[in-house]
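In case you want the letters, here they are:
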Amino acid sequence: MAKLLSCVLGPRLYKIYRERDSERAPSSVPETPTPVSNPPSSSWDTYYQPRALEKHADSILALASVFWSISYYSSPFAFFYLYRKGYLSLSKVVPFSHYAGTLLLLLAGIACLRGIGRWTNPQYRQFISILEATHRNHSAENKRQLANYNFDFRSWPVDFHWEEPSSRKESRGGPSRRGVALLRPEPLHRGTADTFLNRVKKLPCQITSYLVAHTLGRRMLYPGSVYLLQKALMPVLLQGQARLVEECNGRRAKLLACDGNEIDTMFVDRRGTAEPQGQKLVICCEGNAGFYEVGCVSTPLEAGYSVLGWNHPGFAGSTGVPFPQNEANAMDVVVQFAIHRLGFQPQDIVVYAWSIGGFTATWAAMCYPDISAVVLDASFDDLVPLALKVMPDSWRALVTRTVRQHLNLNNAEQLCRYQGPVLLIRRTKDEIITTTVPEDIMSNRGNDLLLKLLQFRYPRVMAEDGLRVVRQWLEASSQLEEASVYSRWEVEEDWCLSVLRSYQAEHGPDFPWSVGEDMEAEGRQQLALFLARKHLHNFEATHCTPLPAQHFQMPWHL
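Keep in mind it's a predicted model, so treat the numbers as computed, not measured.

Some remarks on the layout of surface pockets
Working step 1: By volume, the second largest pocket amounts to about 870 Å³.
Working step 2: Surrounding the second largest pocket, 41 residues form its lining, Met220, Leu221, Asn288, Ser355 and Ile432 being those nearest its centre.
Working step 3: Of all the secondary structure elements, the ones that give two or more residues to the lining of the second largest pocket are helix 6 (196-221), helix 8 (298-302), strand 8 (349-354), helix 11 (383-390) and helix 12 (396-406).

What about the UniProt feature "transmembrane region" (unreviewed entry) in the chain?
Working step 1: This chain's UniProt record puts "transmembrane region" (unreviewed entry) on residues 60-84 and 96-116.
Working step 2: Secondary structure across residues 60-84 divides into 100% helix and 0% strand, with the first and last C-alpha atoms of the span separated by 32 Å.
Working step 3: Here residues 96-116 runs as 100% helix and 0% strand, with 31 Å between its end C-alpha atoms.

A short note on empty space enclosed by the protein
Working step 1: Counting across every chain of the model gives 2 cavities of 30 Å³ or more.
Working step 2: Taken as a whole, the largest cavity spans an internal volume of roughly 50 Å³.
Working step 3: Lining the largest cavity are Leu376, Ala378, Ser379, Leu424, Ile425, Arg426, Ile433, Asn444, Gly446, Leu449 and Leu536.
Working step 4: Mapped by element, the contributors of at least two residues to the lining of the largest cavity are strand 10 (422-427) and helix 14 (445-457).
Working step 5: For the lining of the largest cavity, the element with the most residues is strand 10, which contributes 3 residues.
Working step 6: Of the pockets and cavities examined, the second largest cavity occupies roughly 40 Å³.
Working step 7: Lining the second largest cavity are Leu244, Met266, Val268, Tyr292, Val297, Leu301, Val307 and Gly309.
Working step 8: At the level of secondary structure, the elements contributing two or more residues to the lining of the second largest cavity comprise strand 5 (262-268) and strand 7 (306-310).
Working step 9: In the lining of the second largest cavity, the residues fall into 7 nonpolar, 1 polar and no charged.

Details of a nonpolar patch on the surface
Working step 1: Nonpolar side chains collect at one region of the surface, where Phe79, Tyr81, Leu82, Tyr83, Tyr87, Leu88 and Val93 lie side by side and expose about 690 Å² of accessible area between them.
Working step 2: Element by element, the count of residues in the nonpolar patch is highest for helix 2 (residues 52-85), at 4 residues.
Working step 3: Looking at the element boundaries, Phe79 is found in helix 2.

Describing the domain arrangement of the chain
Working step 1: In terms of domain boundaries, the chain breaks down into domain 1 (1-16 + 46-157) and domain 2 (422-557).
Working step 2: With centres defined by C-alpha atoms, the gap from domain 1 to domain 2 works out at 53 Å.

Considerations on the pairing of strand 9 (residues 373-377)
Working step 1: With 5 of 5 residues buried, strand 9 lies mostly within the body of the structure.
Working step 2: Side chains Ala373, Val375 and Asp377 project from strand 9 onto one buried face, and the interleaved Val374 and Leu376 project onto a second face that is buried too.
Working step 3: When strand 8 meets strand 9, the two strands line up parallel, connected through 5 bridges. Across the sheet, the residue bridging to Ala353 is Leu376, located in strand 9.

A look at helix 1 (residues 2-9)
Working step 1: For helix 1, the complete set of buried residues consists of Lys3, Ser6, Cys7 and Val8.
Working step 2: Each element contacted by the buried residues of helix 1 is listed here: helix 3 (90-119) and helix 4 (122-136).

Some points on the UniProt feature "domain: AB hydrolase-1" (unreviewed entry) in the chain
Working step 1: When the UniProt feature table is mapped to this numbering, "domain: AB hydrolase-1" (unreviewed entry) covers residues 281-407.
Working step 2: Along residues 281-407, the helical share is 40% and the strand share 17%, with 29 Å between the first and last C-alpha atoms.

Observations regarding helix 15 (residues 464-474)
Working step 1: All buried positions along helix 15 are accounted for by Gly466, Leu467, Val469, Val470, Trp473 and Leu474.
Working step 2: Where helix 15 is buried, its residues contact strand 10, helix 14, helix 16 (479-488), helix 18 (521-535) and strand 11 (536-539).

Some words on a negative patch on the surface
Working step 1: Together, Glu490, Glu492, Asp494, Glu520 and Glu522 give the surface a local cluster of negative charge.
Working step 2: Take Glu492: its relative accessible area is 48%, and that puts it in the partly exposed class.

Regarding the packing of aromatic side chains
Working step 1: A full pass over the atoms with the stated rule returns 18 aromatic pairs.
Working step 2: Between the aromatic rings of Tyr48 and Tyr124, the centroid separation amounts to 6.3 Å while the plane-to-plane angle is 50°, which identifies the pairing as tilted. Here Tyr48, found in the loop between strand 1 (13-16) and helix 2, pairs with Tyr124, found in helix 4; they are 76 residues apart in sequence, far enough to count as distant.
Working step 3: A residue is classified by how much of its surface remains accessible, and Tyr124, at 0% relative accessible area, is buried.
Working step 4: Relative to Trp156, the ring of Phe153 lies with its centre 5.5 Å away and its plane at 35°, an arrangement referred to as tilted. Taken as a pair, Phe153 and Trp156 share a single burial class, namely buried.
Working step 5: Pairwise contacts between aromatic rings join Tyr48, Tyr124, Phe127, Tyr149, Phe151, Phe153 and Trp156 into one cluster.

A few points about the sheet that holds strand 10
Working step 1: One open sheet holds the 9 strands; their spatial order is 3-4-5-7-6-8-9-10-11, and the pairing between them is mixed. The open sheet has two edge strands, strand 3 (160-161) and strand 11, and neither has a second partner.
Working step 2: Strands in contact with helix 14 are strand 9, strand 10 and strand 11; relative to strand 10, the strand with the most contacts, it is inclined by about 155°.

Quick notes on the packing of helix 6 against helix 12
Working step 1: Viewed as axis vectors pointing N to C, helix 6 and helix 12 meet at an angle of 75°, and their least axial separation amounts to 9 Å. For the element pair helix 6 / helix 12, the angle class is roughly perpendicular. Side by side, helix 6 and helix 12 meet where Cys205, Gln206, Thr208, Ser209, Tyr210, Val212, Ala213 and His214 of the first sit next to Leu398, Arg401, Thr402, Gln405 and His406 of the second.
Working step 2: Among the residues making up the contact of helix 6 with helix 12, the classes are represented as 5 nonpolar, 7 polar and 1 charged.

So, unusual backbone geometry
Working step 1: Here the residue pair Phe511 and Pro512 is connected by a cis peptide bond, since its omega of 5° sits within 30 degrees of zero.
Working step 2: The residue Pro512 is located in the loop between helix 17 (493-507) and helix 18 in this model.
Working step 3: You will see that Ala316, though not glycine, has its phi angle at about 50°, which is positive.
Working step 4: The residue Ala316 is located in the loop between strand 7 and helix 9 (324-340) in this model.
Working step 5: Its identity as a non-glycine residue notwithstanding, Ala378 has a phi of 55°, on the positive side.
Working step 6: By the element assignment, Ala378 lies in the loop between strand 9 and helix 11.
Working step 7: Of the residues examined, Ala378 reaches a relative accessible area of 2% and is grouped as buried.

Procedures and definitions
- Residues numbered from 1 in each chain as written.
- Predicted model: local features only at pLDDT ≥ 70, side-chain atom pairs only at ≥ 80, totals over all residues.
- Heavy atoms only, no water.
- 1 Å grid on protein atoms, 1.4 Å probe; cavity = no way out; pocket = protein on both sides within 12 Å on 5 of 7 lines; lining within 4 Å.
- Points joined across faces, edges and corners; volume = space filled by probe spheres on them.
- Helix = DSSP H or I, 4+ residues; strand = E, 2+ residues; numbered from the N terminus.
- UniProt positions renumbered as here; feature names shortened; annotations may be inferred.
- Nonpolar A, V, L, I, M, F, W, Y, C, P; charged D, E, K, R; others polar.
- Patch = residues over 30% accessible without salt bridge, like charges linked within 9 Å, V, L, I, M, F, W, Y side chains within 5 Å.
- Areas by Shrake-Rupley, 256 points an atom, 1.4 Å probe, with all protein chains shown as cover.
- Salt bridge = Lys/Arg side-chain N within 4 Å of Asp/Glu carboxyl O.
- Domains from an automatic or database assignment.
- Buried < 20%, exposed > 50% of the residue type's maximum accessible area, 1.4 Å probe, protein only.
- Pairing = 2+ DSSP bridges.
- Contact = heavy atoms within 4.5 Å.
- Lys, Arg positive; Asp, Glu negative; His and termini not counted.
- Charge placed at Lys NZ, Arg CZ, Asp CG, Glu CD.
- Phe/Tyr/Trp six-rings, centres within 6.5 Å; stacked < 30°, edge-to-face > 60°.
- Axes fitted to C-alpha atoms, helices over the stretch in contact; angles between N-to-C directions.
- Parallel < 35°, antiparallel > 145°, perpendicular 65-115°, else oblique.

Structure representation (C-alpha cells):
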C-alpha cells in the first residue's frame, strides 16, 4: 500500500537514459523489481513508456493543467466579464463552487488511476524505489542510479545548498536570506526631501510600476518563464537533456539559492580529456527565452571546454520568477557550486552570456573579480532604451520608473566594476538590441556597452578624439569596412602594445588608467582603435543565430 501511495504522489517520469558506464554497479536500493532493459541506441527514442491507464490519465491531467494556466492569464478579463453580466452574486457563486469541487474530486480520482497505472509498471516502481532511497541517503551510488532517469525536477533532491559551510569560506560575508547585493539605481529626483507627504504622493506611481513589472513587464522581459511556452517546448527540452546526458556525459544537479529558489543545472566535465581547454570551466548564462538544454552551452562544448549551464528562475526545472534579485541569487549559488563542489578555481572560470544573460554574467564578474574572463554575446548596456523602443512614447515615464525600480538590468555599470579581460560579440544584423532597425548598426546597444567600458578603463584615450574614431569604426558592418577604417588611421599595433605594457609595468593593472594623458591626438586615436578592436568582435548574423565554436575565443589581455 505504501508503494501504491508513492506511485500516486510520485513525479512524472519522462525518460530512462542509456547506461553510460561499461558495467552497472550492483544496486543498493531495496525492493527493486524487474531490471530495466537497455533502451535502444537512439538518444531520444528512449522515452519511458507508460501503461495505457497511466498514459491516458496523464493526458487528462496535462490538459487540465493547460486549461488552468490559460484561465490564470485570462482571469482579469473573465472577472470583469462576469462582473458586468452579474454572475458574481452569491446565488450564482455557490452553485459554481459545487461544480468546481466536483471537478477537483474528479481530477483527484484520475490522479489515483494514474498511480495505479504506475504501480503496475515495473519500470516506474524501480524508479520510485531509487528516488525514495536517494531522499533517505544521498550516497554517490544512489545519485548515480537516479541520474539515469529524467523526471519532474521538483522531486529531485537538493545537491548543493547556499549555506554549506565550505561554500562561504572565500566569500566576503556571503549573501543573507534577503539576497545578494545589487547596485541600486540613483533616485530620479535628487535633493528632494523624503518626507511622509512625498511618499504618499509617490505611492500611486509605485503601485502602478509594481503591477506593471509583476504582470506584463516580467513576462515580456522573460517569455521563457511563461508556462504555456515551456509546455510547447517540452519535447525539445527533453531531447536537449538526452543529448547532454548520453552523448556528453552531463551531470544534472539541483542548487538551493539563498532566496529558496531551486536552480536546475547541467555540468559537462572535460578535465579528463586531452584537450587543454577542458581545464577551463565556462559558466553559460542564457537569454530571455533560452534554456541550457538547447541554448548557448553548445558553443563552448563544441570548442572543447568544460561547461556549466543553468536555467533562470522560473525556467524549466528552476523555481521562482526571474527578477534581477532572484537572477543574481541564482548566479551566486551557481558560482559557489562551481568553486566548492566541482573544484574549479576562480582563475579557471570563464563566464559566457548571450543576450539578457549579460546581467548575471556582469554581476558575477563584479562580485567574483578573480574569475578568468567574461564573454558577452549580443548583449546590451542598459535595459531602459530597449524597453522604451517597444512601448508607446506616452508611457516613457512609467516605463523608465518601472525598469529602474523592478527590472534594472544595468550591465554596463556592473561590467565597469570588473578588472579582468572582456570580449564583446556584436551581431551586425541584430534585430533585438537595436533601438531603430537591424540595418542601423549604430543603434545596436552593444556599441554603448563597449564605449562605456572603454571610457571607464581608458578615460584619457577615450576623450573626444578617441571617441570619434571608435564611433567611425563601429559604423562598419563588414570585415572589409572594418579593415578600411583601421588602415586609414595607420594603427601600429606593436607601438600600442609597448605603450600599454609600459604603463602597466609602472602603474599596475588596476583600472581606470591615465594612459594617453600626455599624448598627441593621433596617438590617442591609434590606441582607441586598437583597444576597441581587441574588446569587440563582429559576427555577421541575427540575434538568435547560434554562435559557431570558432567565434568563441578567450578575451585579449596584456
